[in-house]
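# Analysis of the macromolecular model
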Amino acid sequence: MVAASERVRLTELSTGAGCACKLPLEKLDDLFSSFREGLAPASDDLLVGALDGDDAAVLRLDAERALVLTTDFFTPIVDDPYDWGRVAAANALSDVYAMGGRPLIAVNLTAWPGEVLPMTLLNDVLRGGADLAATAQCQVVGGHTIDDAVPKYGMAVLGIAHPERLLAIDRLRPGDHLVLTKPLGTGVITTALKNAAADDAVVRGAVDSMTTLNAAASDVALAAGVRAATDITGFGLAGHLHRMLRASGAAAELDAASVPLLPGALELAARFVPGGTRANMAYLAPTVDVDSDVPHDLAVLLHDAQTSGGLLLAVPDDPAKLIAALAARGIDAPVIGKVVEGQPGRVRIRGGAATR
């Protein structure tokens, strides 16, 4: 048993940190294709089900209310247990916001090596999750724990949304403008942290981003009439956009120079690339075309496995009003590309080096 007074580097206890610990998109696609024939499509009051591949399931209660159900958990993303709890909670709540919903209640999902790590650390993790959920006015009402050699933490979350005002991944249309509400780079930064090579200020910037709720971004998107959205997590920007485009029957072009990055991320991408990011790049290579003048490290970040990333919004009209509304809520959200006609799921990343 590690003494309670000893400093524990939680990121050393798993091979992958945060959403980068999850099974890669290629394996999940193969797995899903093997049993999807046994799944019934969404119908009647089940508005979004497993076959839709969206961020959460949605069940209509009546004309004004629909339940939104999701879950997410992962291995330590940072060494501070309280911050890990906050990040994991924000990440779990994000799927509700990505559907246009509002979280109501959550239950903890916890795996903990009880004979190795002090329970005081787990208390800090759970406290962090509860404190973050409280800022979302979401009550944590219990949970489940198992003994496991690798610690894991997350939440199952139940939210509510209007059934006629859902955000979904299959509603992209050619001409839509793509807007991103958080900068990229959490994967490479937390991988550098795991290797004890990340500056404290860089890590703090990543934690601040990961613990920022997507609530305001979701509210602004709904008010602006946005109907297509997803949150950027383990499949990276390119992967999540690819899934949206595949579901919508469209293609897209990204302007690499316009994509916002966390401070320090571009420099670290030259040295620390998570396994999940490498898996994303390999799987997406046949469908994501990267122009030759896109710097390699920037291309890495466009595939980087994010944890608690921002919302990717498809804006059908002039995005200026939405961007201004986001800015008024403290969210810097640039246009990073557009939806075009083309092979469903195909992404072209246009070149140019940004000034960072």
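These lines cover the structure that appears in this document, whether it is placed above or below. (Residues numbered from 1 in each chain as written. Predicted model: local features only at pLDDT ≥ 70, side-chain atom pairs only at ≥ 80, totals over all residues. Heavy atoms only, no water.)

## Let's talk about the overall build of the chain
Regarding its fold elements, the chain presents 11 helices and 13 strands. The proportion of buried residues among the 356 residues of the chain is 52%. Counting only contacts in the chain whose residues sit at least 6 apart along the sequence, the fraction spanning at least 24 positions is 86%. As displayed, the chain offers around 14,900 Å² of accessible surface, 53% of which is attributable to carbon and sulfur atoms. Charged side chains of the chain number 29 positive and 43 negative; the gap between the two group centres comes to 2 Å. (Helix = DSSP H or I, 4+ residues; strand = E, 2+ residues; numbered from the N terminus. Buried < 20%, exposed > 50% of the residue type's maximum accessible area, 1.4 Å probe, protein only. Contact = heavy atoms within 4.5 Å. Areas by Shrake-Rupley, 256 points an atom, 1.4 Å probe, with all protein chains shown as cover. Lys, Arg positive; Asp, Glu negative; His and termini not counted. Charge placed at Lys NZ, Arg CZ, Asp CG, Glu CD.)

## Notes on the side chain of Thr70
Within the fold, Thr70 resides in strand β3 (residues 66–74). Owing to a relative accessible area of 7%, Thr70 belongs among the buried residues under this scheme. In this structure the side chain of Thr70 is engaged in a polar contact, spanning 3.1 Å, whose partner is the side chain of Asp95. Beyond its immediate sequence surroundings of up to four residues, Thr70 is in contact with Asp55, Ala56, Ala92, Asp95, Val96, Met155, Ala156 and Val157. (Polar contact = N/O pair within 3.5 Å; in protein donor to acceptor, adjacent residues only side chain to side chain.)

## Some remarks on the packing of aromatic side chains
Scanning the entire structure with this criterion turns up 1 aromatic pair. For the pair Trp84 and Tyr153, a centre-to-centre distance of 6.4 Å together with 85° between the ring planes defines the contact as edge-to-face. Of this pair, Trp84 sits in helix α2 (residues 81–98) while Tyr153 sits in strand β6 (residues 152–161); the two residues are 69 residues apart in sequence, bridging distant segments of the chain. In this structure Trp84 comes out as buried when scored by relative accessible area, which is 0%. (Phe/Tyr/Trp six-rings, centres within 6.5 Å; stacked < 30°, edge-to-face > 60°.)

## Quick notes on the nonpolar core
With 87 residues, the main nonpolar core has Trp84, Leu178, Ile189 and Leu237 as its most contacted residues. Broken down by element, this core gets its largest block of residues, 9 residues, from α2. Not counting residues up to four positions away in its chain, the partners in contact with Ile189 are Ala198, Val202, Val203, Ala206, Leu262, Pro263, Ala265 and Leu268. If you look at the next biggest cluster of nonpolar residues, it comprises 17 residues, including Ala217, Val220, Val226 and Leu322. (Core = buried A, V, L, I, M, F, W, Y, C linked by side-chain atoms within 4.5 Å.)

## Here's the deal with unusual backbone geometry
Located in the positive-phi region is Gln137, a residue other than glycine, with phi close to 55°. For Gln137, the position within the fold is in the loop between α3 (119–135) and β5 (139–147). You will see that Ser308, though not glycine, has its phi angle at about 50°, which is positive. Turning to its location among the elements, Ser308 is positioned in the loop between α10 (296–302) and β11 (311–315). Residue class for Ser308 comes out buried when judged on its relative accessible area of 2%.

## A word on the pairing of strand β8 (residues 228–231)
Burial of β8 is two-sided: the residues Ala228 and Thr230 facing one way and the residues Ala229 and Asp231 facing the other way are all buried. Of the strand pairs in this sheet, β8 and β11 are connected by 4 bridges, and their pairing is antiparallel. Counted as the bridge partner of Asp231 is Leu311 from β11. (Pairing = 2+ DSSP bridges.)

Distances and angles like these do not, on their own, reveal function.
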